[in-house]
2 protein chains.
Amino acid sequence: MTLGNCLILQDFKSEPFLGWLEVEDGKIKRVVKGRREDIDQPLEGKLVMPALYNTHTHAAMSLLRGVAEDVTFEEWLFGRILPLEERLTEEMVYYGTILAQMEMARNGVVGFADMYFHEDAVARAVADFGLRALLTRGLVDVGGDDGGRLKENLKLYERWNGYDGRILVGLGPHSPYSCSRGYLEKIFDVAKEHDIPVVIHLYETAQERYDLEELLRLGLGEVKVIAAHCVHVPTEKLPLLSKLNFYVSHNPTSNLKLGNGVAPVREMLREGVKVTFGTDGPASNNTLDIFHEMRLASLLQKMKDPSALDVETCLKMATVDGAEALGFEGGAIREGFEADLVVLDLKKPSFFPLKHAKRHLVHAFSGEVFATMVKGRWVYFNGEYPTIDEGEVYKKLAEIEEKLYS
Amino acid sequence: MTLGNCLILQDFKSEPFLGWLEVEDGKIKRVVKGRREDIDQPLEGKLVMPALYNTHTHAAMSLLRGVAEDVTFEEWLFGRILPLEERLTEEMVYYGTILAQMEMARNGVVGFADMYFHEDAVARAVADFGLRALLTRGLVDVGGDDGGRLKENLKLYERWNGYDGRILVGLGPHSPYSCSRGYLEKIFDVAKEHDIPVVIHLYETAQERYDLEELLRLGLGEVKVIAAHCVHVPTEKLPLLSKLNFYVSHNPTSNLKLGNGVAPVREMLREGVKVTFGTDGPASNNTLDIFHEMRLASLLQKMKDPSALDVETCLKMATVDGAEALGFEGGAIREGFEADLVVLDLKKPSFFPLKHAKRHLVHAFSGEVFATMVKGRWVYFNGEYPTIDEGEVYKKLAEIEEKLYS
């Protein structure tokens, strides 16, 4: 398939040019400058850019969006979220994850890291809808026993890891405060054994203080880690973290919304720590929009220094670094690369002047993208979701809303 | 005209219900619960809500969007913005203001407060496009002479104040650091004489320290004031400000982007100071989107206290309080009120669960609105701008981009 006659931004470092692409078998076969007359998918007035990645979420919490506004973290979690989560069935988690992917596709996100329960239903939803994902089962043993969760996570790995080149499975120790030291050690061992990543909440709240050297002794330093939040990470530990296979998932909206503050992203980047963007779950954000996180992250770092988190750094974090954290090839539109694309409509008033289109991607893009492609397949195109029956999905969602909230 | 068969949110305090409206002569004639069969404008699957107001901008700076990213305030203003502003003609300001209104209409904003030059062209653009505006000519006498600016501002007042019930004219003293004390006193006198408001930048940067009592003696306390920014206002002065006819225009995006910080909005509200939302100019934001400012403002105040700036307070500030600051009737969909409406498409994944639709307006609405009505006339409807020739406008804008940036 050929597509284009539009602006193409090949990667975060380049500038857009007029051109077209050829996509074959899920890969980019050619990137050509100029116009082509007989094009399969004309995209006049559009811009094609590398896709975005969401490195931390709990996708099915899309069902719980807005249930707990304007309350403390404790009330949010224990008063509102947990009682509702107890009512979530596998079918609900499946449709919640379909809904989350609809939103992500609409916002140019092609891959996400998930941590939740009924994770097998999450995998089926990803298989069906068509995004990429790094899936983990949330692991907790605060009661002294993990209730078979690690076993579930391994079953998920056996069943889904590598599926269609789009699904990867890691392990999901919830946090050092909800996992015993022995349990963490076991999880890191399993991760090493299978060479799979670990997703963990780390230094989210001001109350969280850890002996980082102890966590390293347990194995944290020997596996690939996506550490969500890192708002209250001691800055003197950053040089140490920069030497590890360690990716911060920066979740600026959720960190503000739950009263946790602003992560020291400038300091992380200065010390060479890899930082990517995540949304956290839709019950503490309340969207799944990496364009929003990118803009907010930049604004928050500029609060003290207007030169901080510049346009190219933001785009790099949202594309290349996000893909690398999840374990997918991505972040560039080049021959031989996976055909993961985002198409934006430039016919919007906030894209003027067009000369600065690349800057507008970070600071002036508001609203959904025009289309999103994963592995050569449109998962969102001009208001439609080609991979699902939208009417059927909304019917199911209305039933779920009725059941959950009645 | 009848419209509806959709959810209607009458004001910030109420909850949405299914209903329809009748609009006649630019006013809301009836608001009726339930469905109506023979409806002129069916809006199934939509939500109608009161319109939003942008209480501080420099609209024509839409032409300068993105020219100065990731630089200090000094470099932004003196190195990039001022040299380009010297090249702006009346025609450019006219089209820049058309473009800004296209963006605002697309984001549900029906009225804005402006401060710029070639303000007569701004007035013509507002007359033609159809938004509401409080217009001021930026007034500065740092060189000892104001170059006829106050005279221009008064001419603007004589020519445009009251036009079509949509245009009001105030005075625009730029700031206490760019206006001499004598000049400020004269401006306040003229404002009193004509009973018109004053728009001023106040306490934007950490360097700005004022003798507030002196400003009051000059007349600040005897006129209606919209004070943009107020990031570094001394909190002990808030009780005093709460007793005046004084509206803060809170511009959270611009304040972060230019490195000025976060305004003490919680403290302002606690002390009874009236706070509204503004975007500032598109060269320091870079959008004209009050939904974005509302969400960001709430997140920033929650940074330290997750219960701060709750959903209803945000909606009140963006609607009722914004309209009041500008001097228009607005903020509610009620019989006899001006027919200023915003229509949102609920068929977006981030609006689930629908039960919490009102909360989603603040925390989960991303993307443009479906339609915006001012005085009974659609200024934006499903991708189209009925009041202008969009093709012609974009042609002119392309020519302007060429002239400005070549």
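K.L.:
Explain the sheet that holds strand β12 (residues 225-229) of chain B to me, using residue names and the numbers behind them.
P.N.:
Residue and element names in this part refer to chain B. Taken together, the four strands give an open sheet; going across it, the order is β11-β12-β13-β14, and neighbouring strands pair in parallel fashion. Edge positions in the sheet fall to β11 (198-202) and β14 (274-277), since each of these pairs with one other strand and no more. Within the sheet, the average angular offset between the axes of one strand and its neighbour, ignoring direction, is 30°. The pairing of β12 with strand β13 (residues 246-250) spans four bridges and is parallel. Pairing of valine 225 across the sheet is with phenylalanine 246, part of β13.

K.L.:
How would you summarise the interface of chain B and chain A if you had to cite specific residues and measurements?
P.N.:
Much of the literature gives interface size as the accessible area that the parts lose upon coming together. Taken residue by residue, the interface counts 62 residues in chain B and 62 residues in chain A. Taking both sides of the interface into account, the surface hidden between chain B and chain A amounts to around 5100 Å²; carbon and sulfur atoms contribute 61%. When the buried area of chain B at its contact with chain A is split by residue, Asp70(B), Pro349(B) and Phe352(B) rank highest and sum to 15% of it. Our count for the contact surface shared by chain B and chain A stands at four salt bridges. A salt bridge links Glu368(A) to Lys348(B), with the shortest nitrogen-to-oxygen separation between them at 3.2 Å. Along the contact surface separating chain B from chain A lie 26 residue pairs in polar contact (both at pLDDT 80 or more).

K.L.:
Can you lay out the relation of the copies chain B and chain A for me, pointing to particular residues and giving the numbers?
P.N.:
Mapping chain B onto chain A calls for a screw motion: a turn of 180° about the axis and a shift of 0.0 Å along it, with 0.0 Å RMSD after fitting. Such a combination of rotation and displacement between the chain copies is what one expects of a two-fold axis. Ranked by how close their C-alpha atoms come to the rotation axis, the residues of chain B are headed by Gly367(B), at 1.6 Å. When you check the interface residues of chain B against chain A, 100% turn up at the interface there too, and the contact is symmetric in its surfaces.

K.L.:
Can you lay out the packing of aromatic side chains for me, pointing to particular residues and giving the numbers?
P.N.:
Applying the stated criterion across every chain, the model contains 22 aromatic pairs over all chains. Ring geometry for Phe370(B) and Phe381(B): centres 5.1 Å apart, planes at 65°, overall edge-to-face. Highlighted residues: Phe370(B) in the loop between α12 (357-363) and β16 (371-374) and Phe381(B) in strand β17 (residues 377-381), separated in sequence by eleven residues. The class for Phe370(B) is buried, based on a relative accessible area of 13%. Here the aromatic residues Phe129(A), Tyr380(A) and Tyr385(A) are joined through ring pairs into a cluster of three or more. Of note, Lys347(B) hangs over the ring of Tyr394(A), and the distance from its end group to the ring centre comes to 5.1 Å.

K.L.:
Explain empty space enclosed by the protein residue by residue, including any values.
P.N.:
Applying the stated criterion across every chain yields a total of seven cavities of 30 Å³ or more. Estimated volume of the largest cavity: approximately 210 Å³. Lining the largest cavity are 15 residues, and of these His292(A), Ser366(A), Asp289(B), His292(B) and Ser366(B) lie nearest its centre. Looking at the lining of the largest cavity, the elements with two or more residues in it are α10 (290-302) of chain A together with α10 (290-302) of chain B. Here the residues of the lining of the largest cavity are counted per class, giving four nonpolar, seven polar and four charged.

K.L.:
Outline the side chain of Asp146(A), supporting the account with residue identities and numerical values.
P.N.:
Residue and element names in this part refer to chain A. Within the secondary structure, aspartate 146 is located in the loop between β8 (132-139) and α4 (149-160). With no salt bridge to any partner, buried aspartate 146 finds its closest opposite charge in arginine 149, at an N-O distance of 6.0 Å. Here the side chain of aspartate 146 touches leucine 150 through a polar contact of 2.8 Å, landing on its backbone nitrogen. Excluding residues within four positions of it along the chain, aspartate 146 makes contact with Val140, Asp141 and Tyr183.

K.L.:
For helix α13 (residues 390-405) of chain B, give the residues involved together with the corresponding values.
P.N.:
Residue and element names in this part refer to chain B. Between the first and last C-alpha of α13 there are 22 Å, a value that for 16 residues agrees with the 22 Å anticipated at 1.5 Å per step. Turning to α13, its buried residues number three or more, namely Val393, Tyr394, Leu397, Ile400, Glu401, Leu404 and Tyr405. Angularly, the buried residues of α13 cover 120° about the axis, an arc narrow enough to put them on a single face.

K.L.:
How would you explain helix α3 (residues 119-129) of chain B if you had to name every residue and give the values?
P.N.:
Along α3(B), eight of the eleven residues are buried, which leaves the element largely enclosed by surrounding structure. Taken from the residues just after α3(B), Gly130(B) is the one with a positive phi, measuring 115°.

K.L.:
Describe the nonpolar core, listing the residues and the values that go with them.
P.N.:
Membership of the largest hydrophobic core comes to 134 residues, with the highest contact counts inside it found for Met49(B), Leu64(B) and Leu344(B). No other element matches helix α2 (residues 90-106) of chain B, which puts ten residues into this core. Each of domain 1 (2-50 + 333-375) and domain 2 (52-326) of chain B contributes no fewer than three residues to this core. Setting aside residues no more than four positions away along its own chain, Leu344(B) makes contact with Gly45(B), Lys46(B), Leu47(B), Met49(B), Phe291(B), Phe351(B), Leu361(B), Phe365(B), Val369(B) and Phe370(B). Counting 133 residues, the second-largest nonpolar core is a separate cluster that includes Ala121(A), Leu134(A), Leu184(A) and Phe352(B).

K.L.:
Please provide a residue-by-residue account of the environment of His118(B), values included.
P.N.:
Within the fold, His118(B) resides in the loop between β7 (109-116) and α3. Overall, His118(B) belongs to the partly exposed group, its relative accessible area being 27%.

K.L.:
Talk me through the domain arrangement of chain A; I want residue IDs and the actual numbers.
P.N.:
All names here are of chain A. Taken domain by domain, chain A consists of domain 1 (2-50 + 333-375) and domain 2 (52-326). The gap between the C-alpha centroids of domain 1 and domain 2 is 28 Å. Across the boundary between the two partners, domain 1 contributes 20 residues, which contact 25 residues of domain 2. Together, the buried faces of domain 1 and domain 2 total about 2000 Å²; carbon and sulfur atoms form 67% of this surface. Of all residues in domain 1, Phe12, Val362 and His363 give up the largest surface area on contact with domain 2, accounting jointly for 34% of the area buried on that side. At the junction of domain 1 with domain 2, the criterion picks out five salt bridges. The shortest N-O distance in the salt bridge between arginine 106 and glutamate 368 comes to 3.8 Å. At the junction of domain 1 and domain 2, the tally comes to seven residue pairs in polar contact (both at pLDDT 80 or more). If you tally residues by element for the side of domain 1 that touches domain 2, the top one is helix α12 (residues 357-363), at five residues. Counted by class, the side of domain 1 that touches domain 2 contains eleven nonpolar, two polar and seven charged residues.

Cut-off values and rules
Residues numbered from 1 in each chain as written. Chains lettered and ligands numbered in written order. Predicted model: local features only at pLDDT ≥ 70, side-chain atom pairs only at ≥ 80, totals over all residues. Heavy atoms only, no water. Pairing = 2+ DSSP bridges. Helix = DSSP H or I, 4+ residues; strand = E, 2+ residues; numbered from the N terminus. Axes fitted to C-alpha atoms, helices over the stretch in contact; angles between N-to-C directions. Contact = heavy atoms within 4.5 Å. Buried area = accessible area lost by both parts, 1.4 Å probe. Salt bridge = Lys/Arg side-chain N within 4 Å of Asp/Glu carboxyl O. Polar contact = N/O pair within 3.5 Å; in protein donor to acceptor, adjacent residues only side chain to side chain. Least-squares fit on C-alpha atoms with pLDDT ≥ 70 in both. Phe/Tyr/Trp six-rings, centres within 6.5 Å; stacked < 30°, edge-to-face > 60°. Buried < 20%, exposed > 50% of the residue type's maximum accessible area, 1.4 Å probe, protein only. Lys NZ or Arg CZ within 6 Å of the ring centre and 35° of its normal. 1 Å grid on protein atoms, 1.4 Å probe; cavity = no way out; pocket = protein on both sides within 12 Å on 5 of 7 lines; lining within 4 Å. Points joined across faces, edges and corners; volume = space filled by probe spheres on them. Nonpolar A, V, L, I, M, F, W, Y, C, P; charged D, E, K, R; others polar. Lys, Arg positive; Asp, Glu negative; His and termini not counted. Expected span 1.5 Å × (residues − 1). Arc of directions from axis to C-beta. Core = buried A, V, L, I, M, F, W, Y, C linked by side-chain atoms within 4.5 Å. Domains from an automatic or database assignment.

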